[in-house]
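Single-letter residue listing:
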Amino acid sequence: MLTSVACSCVRNGRKISAPVAKLCLLPTVKTSPSTLNLTGVQYKSAGLLTASPWHLSVRSVSLSASSRDADPPGSASAPADRGDFGSLSADMSSRRSFRKSSPYIQDLRYREDDAIAGEEDEGLKRPRRWTGRRNTTYWYFLQCKKLIKDNRLQEALDLFSRDMLQGERLQPQEYNYSVLIGGCARAGQLKKAFKLYNDMKKRGLDATDATYTALFNACAESPSKQVGLQQALKLEQELRRKNYALSTITYHALLKTHAITNHLEACFHTFREMLQNGHAITQATFHYLLMGCLKDKEVGFRLALQVWQQMLKSGIHPDSKNYNLLLRTARDCGIGDPALASGVLLRTDRECLKGRERKSHVKPDSKCIDLIDIDFLQRQLFIQPDSHGDSRQDGRDSEEKSQSGQDSTHLIPVRQRENVSLPVDLVDASTAPNLLDLFEGKGVGVMSFGAVDRASDRLALIGGGKGFLEKMAAKGLNPDLRTLTLLADMMEPSFQSLQILLKVAKQHRVKLDVAFFNSVIRRAARAGDLDGAKSVLSVMRQRNISVDVQTFGSLALGCEQQKDGLQLLKDMEEAGLRPNVQVFSALIGRATRRLDYTYLKTILKSMSDMQVGPNEVIIRQLEFAAQYPPNYNQYKSRNNYLIQIDGFRGYYQHWLRTMPAQSAGDEQTAVLKTEAADGLTEVQRN
């Protein structure tokens with residue numbers, strides 16, 4: 001059959017390949033005395049290779065030496081062969097043919113190579129051909145975005161690297177990287193975020209504002225603030241070299257990074273750059289400036305009040321987030337030197353307006369435009385405490401120097417100020433002086449500050465709890481759960497304060513949670529009112545709010561005596577809760593303050609029975625309790641509080657050898673969970 005096919009091709013003048021010729025003419029090899037060798041196979045020369053109307057064109061044909069030596073020179077067929085010598089060059093050639101391989105053939109070759117490599121190294125997995133549905137880069141973007149929203153970041157990263165890059169071998173776009181960098185930023189994975197950014201640059205993709213915003217957020221949310229600040233500075237320098245114009249949202253992310261990493265001067269440098277580049281200044285901008293003030297625990301409250309004053313002068317009305325941050329600075333930060341704070345904060349708006357009119361070159365018709373003097377604001381914020389001899393005069397002198405020494409380009413228009421009339425009944429309801437009224441240009445009878453050490457004292461400077469809520473109502477703002485929780489942690493502990501907050505929550509339909517009541521209990525327990533703290537539990541039962549471990553941890557701050565501490569542990573057992581290391585730390589702190597060594601030994605025995613390992617805070621507390629006073633001589637004087645210290649020291653050393661210490665990772669996890677629940681740090685809780 002193959003022979004007939006070959007003959008048909010020869011009759012019609014068609015070409016046949018060498019393998020076909022091999023199969024067709026193989027039976028005739030043995031019968032021919034004089035043959036040609038075609039790619040290793042001998043073909044009959046008399047029938048197929050003689051001159052005829054049909055020509056057989058076969059590629060990859062070479063004449064072997066055997067065909068030339070087959071016939072002797074004197075044979076009869078030799079003259080005919082010599083006459084036809086060279087006439088086959090038109091039909092035959094020694095040139096090989098090159099044919100394009102299909103993707104399927106290439107894949108087969110890859111499989112053969114992978115099989116050979118797999119025999120050498122069985123541990124390596126060969127890449128398999130993608131057999132699933134074909135998707136687009138935007139489809140992967142939507143899927144990754146959905147996974148990140150559901151807090152499944154690792155699955156989104158695997159989908160991007162395994163399925164999109166390795167499986168379908170798609171070329172990723174900028175938005176694929178930006179959404180993943182944003183997810184890593186919210187999770188605090190700084191290293192992974194910048195790894196994706198570097199991979200993005202290697203692929204030749206141009207980053208956008210969304211990419212840079214996510215990178216700055218990753219620097220801000222990094223667990224190591226120092227590393228985050230260094231990466232942010234490097235990225236900022238890279239953008240300056242590129243002359244890349246940042247957007248307002250990217251500037252806010254950069255402000256957030258500097259604020260969280262306690263770099264307030266860099267915040268104002270970025271703030272100046274925003275104004276010079278013509279970006280709009282909003283409540284969010286001052287929100288990050290207030291966040292930067294919050295990181296300074298010594299004078300953060302004074303800095304926040306100065307930023308608040310500048311925000312009002314700029315015609316920007318604070319929102320609820322700004323009010324909450326002001327409360328946080330009042331709770332967590334001090335005011336610094338009272339004399340310096342008085343000279344800086346109690347200057348009337350008339351003096352500031354007079355100074356700015358001397359420096360401003362605008363026409364009288366445009367006095368509705370507010371200006372920000374950044375240099376003067378920075379100088380007032382970072383003023384040194386030793387230069388407050390005459391605060392008001394120094395403030396005026398420094399203002400005059402800034403007016404004469406600086407160029408008018410540092411005064412940058414912000415926006416038009418709107419005059420809003422406040423309801424008289426709400427403003428007059430609070431009789432306590434309020435610095436927020438002074439910043440709005442109203443007369444307040446405050447000449448200087450006294451000792452402002454407690455959080456309740458700092459809250460009183462801004463109107464107290466009632467005045468602060470009335471100020472928010474006058475601005476058309478409603479307090480949220482965060483506002484009421486902060487007020488509960490700052491107001492004077494009393495049943496009247498609790499009733500005010502409950503009334504406000506009912507009025508604005510705020511659903512109170514267990515963290516709010518924990519703050520109320522903590523405030524009463526710190527004041528020594530354990531009965532008042534326990535009375536809050538009845539209010540929680542009325543509202544069907546279940547207690548948690550933090551609730552008993554707050555109650556432990558008021559257990560000054562041994563019977564109260566033991567009763568607390570018994571109540572926790574009845575409630576089905578297991579005391580954690582923070583509860584025992586609060587109890588040990590109360591017992592150490594009274595030097596009640598019997599109480600301390602009882603608590604240590606309970607920790608040993610419940611297998612609750614001590615943390616670093618408890619070890620420091622116990623080390624302090626086990627030390628003798630500096631000038632105490634037990635042979636010359638007798639102290640009833642220290643009569644049992646020797647017995648406690650021996651028990652404490654034995655207890656240390658038998659108790660396993662808590663690991664740093666477990667302790668950090670517990671602290672983070674507690675801080676997330678009530679918004680307080682470990683130092684503030686103890």
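Values in this document were obtained by computation on a predicted structure and should not be read as measured data.

Trainee: In this structure, what is going on with the confidence of the model for the protein? I would like to understand it.
Mentor: Reading fine detail from the predicted coordinates is not recommended where pLDDT is low. When pLDDT is averaged along the protein, the result is 74, and 63% of the positions lie at 70 or above. This model gives residues 387–430 a pLDDT under 50, and the stretch forms 87 contacts once residues within four places in sequence are excluded. Scored below 50 in pLDDT, residues 667–686 makes 41 contacts in the model with residues more than four places away or belonging to other chains.

Trainee: When you look at helix α35 (residues 645–658) in this model, what are you seeing that I'm missing?
Mentor: Residue pairs spaced three or four apart in an α-helix point in one direction, given the helix's 3.6 residues per turn. Look at α35: 20 Å from first C-alpha to last across 14 residues, which is about the 20 Å you get at 1.5 Å a residue. When we look at burial in α35, the residues that qualify are I645, F648, Y652 and W655. Looking down the long axis of α35, one finds its buried residues gathered within 80° of arc, a one-sided arrangement. Considering only its buried residues, α35 is in contact with α33 (597–610) and α34 (616–625).

Trainee: What am I meant to see in the environment of M610 here?
Mentor: The topology assignment puts M610 in helix α33. With relative accessibility at 28%, the residue M610 sits in the partly exposed group. Between the alpha carbons of M610 and P579 there is a distance of 8.4 Å; along the sequence they are 31 residues apart.

Trainee: Got a minute to help me understand the side chain of T483 in this structure?
Mentor: Here T483 lies in helix α26 (residues 481–488). In this structure T483 comes out as buried when scored by relative accessible area, which is 0%. Side-chain polar atoms of T483 contact the side chain of N324, separated by 2.4 Å. One polar contact links T483 to D480, side chain to side chain, over a distance of 2.5 Å.

Trainee: I keep staring at the packing of aromatic side chains and nothing clicks. Help me out?
Mentor: In this description, a pair of aromatic rings is defined by centroid distance and the angle of the planes. For the coordinates displayed, the defined rule picks out 16 aromatic pairs. Here Y212 and Y244 contribute two aromatic rings whose centre-to-centre distance is 5.0 Å and whose plane-to-plane angle is 65°, an arrangement assigned as edge-to-face. Of this pair, Y212 sits in helix α11 (residues 209–220) while Y244 sits in the loop between α12 (225–242) and α13 (248–260); the two residues are 32 residues apart in sequence, bridging distant segments of the chain. Exposure remark for Y244: the relative accessible area of 28% places this residue in the partly exposed category.

Trainee: Sorry if this is basic, but what is going on with α33 here?
Mentor: Compared with an ideal rise of 1.5 Å per residue, which puts 14 residues at 20 Å, α33 spans 20 Å between its outermost C-alpha atoms and is within 8% of the ideal. Every buried residue belonging to α33 is among Y597, Y599, L600, I603, L604, S606 and M607, and all of these are buried. Looking at the buried side of α33, the elements it contacts are α31 (562–574), α32 (581–594), α34 and α35. Positioned one or two residues after α33, Q611 has a phi angle of 55°, which is positive.

Conventions used here
Residues numbered from 1 in each chain as written. Predicted model: local features only at pLDDT ≥ 70, side-chain atom pairs only at ≥ 80, totals over all residues. Heavy atoms only, no water. pLDDT = per-residue confidence, 0-100. Contact = heavy atoms within 4.5 Å. Helix = DSSP H or I, 4+ residues; strand = E, 2+ residues; numbered from the N terminus. Expected span 1.5 Å × (residues − 1). Buried < 20%, exposed > 50% of the residue type's maximum accessible area, 1.4 Å probe, protein only. Arc of directions from axis to C-beta. Polar contact = N/O pair within 3.5 Å; in protein donor to acceptor, adjacent residues only side chain to side chain. Phe/Tyr/Trp six-rings, centres within 6.5 Å; stacked < 30°, edge-to-face > 60°.

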